[in-house]
Amino acid sequence: MTAEEEQAGGLVFPAGPPTPVWEVITGYTRYWLVVAALDLGVFEELAGGPRGLDELAEATGVASRRLAVVLDFLVTAGLLTTAGDRVFGLTPTTRGYLLRDSPLSMVEMVRYSPGPRTAWPELSATLRRGRPTRSVEDDAGLFYGRLAIASAPTQQAVAQATAALLPDPGEGALVLDLGAGAAPWAIGMLRAWPRAKALAVDLPTITPFAEAAAAEHGVADRFDVRAGSYLDAVLPIGEAAVVTIGHAIGLQSADLAKALLLRARGALRPGGFVVISDYFRPAEPPAGRGLEGSLPQSMALTLLANTYEAEVVELPTLLSWLAEVGLVAWTTRQFLPGQLVVVATEPGQAPPP
């Protein structure tokens with residue numbers, strides 16, 4: 001009996017077992033399972049410690065026999081533990097990312113990162129047309145505001161890790177955050193550099209989220225906002241020690257992306273840095289099926305499904321754009337799966353140790 005026959009219980013599949021196809025189907029199921037668990041409050045009910053099935057059923061209002069299906073699936077997904085006797089608890093991953101009050105909570109990312117739910121059933125038509133029927137730009141205040149808040153905890157952690165790589169810019173140094181959202185990059189760097197100040201630029205519907213976040217994190221006295229598009233708002237010239245562009249390069253055409261980089265370059269003081277974070281699509285398909293290889297591909301597809309002018313950017317393309325505006329990559333880091341941080345500066349600066 002061959003390995004394929006053994007894996008399939010003796011049934012011969014000429015193409016091998018259909019495992020990859022089932023992984024696709026169950027991936028859809030797993031996503032909606034986690035959304036349902038968040039809606040039911042399963043993880044929050046377990047925040048205080050392990051609880052039994054009947055107790056959880058009463059707390060969530062779901063019959064025990066139905067809730068058991070949910071909880072067992074969450075165990076197989078690595079999001080719950082069980083000690084037997086129908087007692088369930090949180091894994092470290094779930095405690096760190098799927099509790100609402102966790103410092104690195106991704107609860108809202110689960111809900112909003114895929115974009116509006118109506119975009120995905122029409123993906124084939126969107127790919128043929130070259131644009132979706134409706135873009136998230138049509139509802140900037142509602143969708144982008146929610147996404148900005150959702151992504152802030154993890155992005156602020158990445159910003160602080162990036163700041164640790166850079167030299168302290170000194171007293172009164174300016175951090176310019178373009179397309180700031182809830183300003184995790186500006187706030188993260190202000191927390192790392194207590195003598196710096198920041199200017200966050202975003203649409204008028206978004207800047208209130210940045211102001212609220214700055215107040216929440218105690219940096220409002222060193223933080224200002226400017227309402228407007230990062231492509232045409234008035235920016236300081238030659239003043240910024242650091243310009244950050246978080247997840248914005250791929251939101252427009254290649255020409256506009258290069259225009260954004262040129263504006264960032266013009267805002268830099270001598271020896272300053274442009275920090276770009278994004279999911280850059282690999283030039284070649286990844287060798288394996290791991291998350292780090294698939295996540296940039298998934299994020300690229302999300303942009304195509306949900307935005308009118310999205311440009312799926314590969315890292316070599318970004319580096320060539322940087323060269324066009326007179327910058328070179330100083331260092332490239334990956335602090336989160338699939339997400340790259342590219343720090344660029346003027347040619348000739350020594351790279352970090």
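Above this text you will find the structure in question.
Caption draft 1: Spotlight on the pairing of strand β9 (residues 328-336). Judged from the 6 bridges that link them, β9 and strand β10 (residues 339-345) form a sheet pairing that is antiparallel. Residue pairing across strands places T332 opposite V342, the latter belonging to β10. Between β9 and β10, which pair antiparallel in sequence order, lie 2 residues; one of them, G338, sits at a positive phi of approximately 80°.

Caption draft 2: Broad picture of the side chain of D278. For D278, the position within the fold is in strand β8 (residues 268-278). The buried category is assigned to D278, whose relative accessible area is 10%. Residues in contact with D278, not counting those within four places in the same chain, are H247, A248, I249, G250, G338, Q339 and L340.

Caption draft 3: Seen up close, the sheet that holds β8. Taken together, the 7 strands give an open sheet; going across it, the order is β6-β5-β4-β7-β8-β10-β9, and neighbouring strands pair in mixed fashion. In this open sheet, the two edge strands, each paired with only one partner strand, are β6 (223-227) and β9. Pairs of neighbouring strands in the sheet enclose a mean axial angle of 20°, with direction left out of account. Sheet contacts for helix α11 (residues 207-216): β5 (197-202) and β6; angle to β6, the most-contacted strand, approximately 175°. On top of the sheet, helix α12 (residues 254-267) reaches β4 (174-178), β7 (240-246) and β8; it is set at about 145° to β8, its chief contact.

Caption draft 4: Expanded view of the packing of helix α2 (residues 19-40) against helix α5 (residues 64-76). For the pair α2 and α5, interaxial distance at closest approach is 11 Å and the crossing angle is 120°. The orientation of α2 with respect to α5, classified from their angle, is oblique. In this structure, α2 crosses over α5, and the sense of that crossing is left-handed. The residues of α5 that touch α2, namely those facing T29, R30, L33, V34 and A37, are V70, F73 and L74.

Caption draft 5: View of the pattern of salt bridges. Taken as a whole and judged by the stated rule, the model has 10 salt bridges. The shortest N-O distance in the salt bridge between R51 and E55 comes to 3.1 Å. Assessed through its relative accessible area of 18%, R51 is described here as buried. The class of E55 is partly exposed, set by a relative accessible area of 42%. Among the ionic pairs, R86 bridges to D72, the shortest N-O distance being 2.8 Å. Here R86, found in the loop between β2 (80-82) and β3 (87-90), pairs with D72, found in helix α5; they are 14 residues apart in sequence, far enough to count as distant. Classification of R86 by relative accessible area gives partly exposed; the value is 36%. Of the residues examined, D72 reaches a relative accessible area of 32% and is grouped as partly exposed. Several salt bridges converge on common partners, so that one network encompasses D39, R100, E108 and R111.

Parameters at a glance
Position labels on residues start from 1 in each chain and follow its written sequence. Residue-level local features of this predicted model are given only where pLDDT is at least 70; pairs of side-chain atoms are given and counted only at 80 or more, and the full residue set underlies all totals for whole chains, interfaces and linings. Note: side-chain values were computed over all heavy atoms of the structure, leaving out hydrogens and water. Strand pairing is defined by DSSP finding a minimum of two bridges between the two strands. Helix and strand definitions here come from DSSP, where helices need a minimum of 4 consecutive H or I residues and strands a minimum of 2 consecutive E residues; each element is numbered from the N-terminal end. Exposed residues in this analysis have more than 50% of their type's maximum accessible area, buried residues have under 20%, and partly exposed residues fall in between, with area computed by a 1.4 Å probe over protein chains only. The contact definition used throughout considers only heavy atoms, calling two residues in contact when any of these lie within 4.5 Å. The axes are straight lines fitted to the C-alpha atoms, using for helices just the contacting stretch, and the angles between their N-to-C directions are given from 0 to 180°. Throughout, the term roughly parallel applies to angles under 35 degrees, roughly antiparallel to angles over 145, roughly perpendicular to angles from 65 to 115, and oblique to all others. Take the far helix as the reference: if the near one is turned anticlockwise from it by less than a right angle, the crossing is left-handed, and if turned clockwise, right-handed. One side-chain nitrogen of Lys or Arg within 4 Å of one carboxyl oxygen of Asp or Glu is enough to make a salt bridge.

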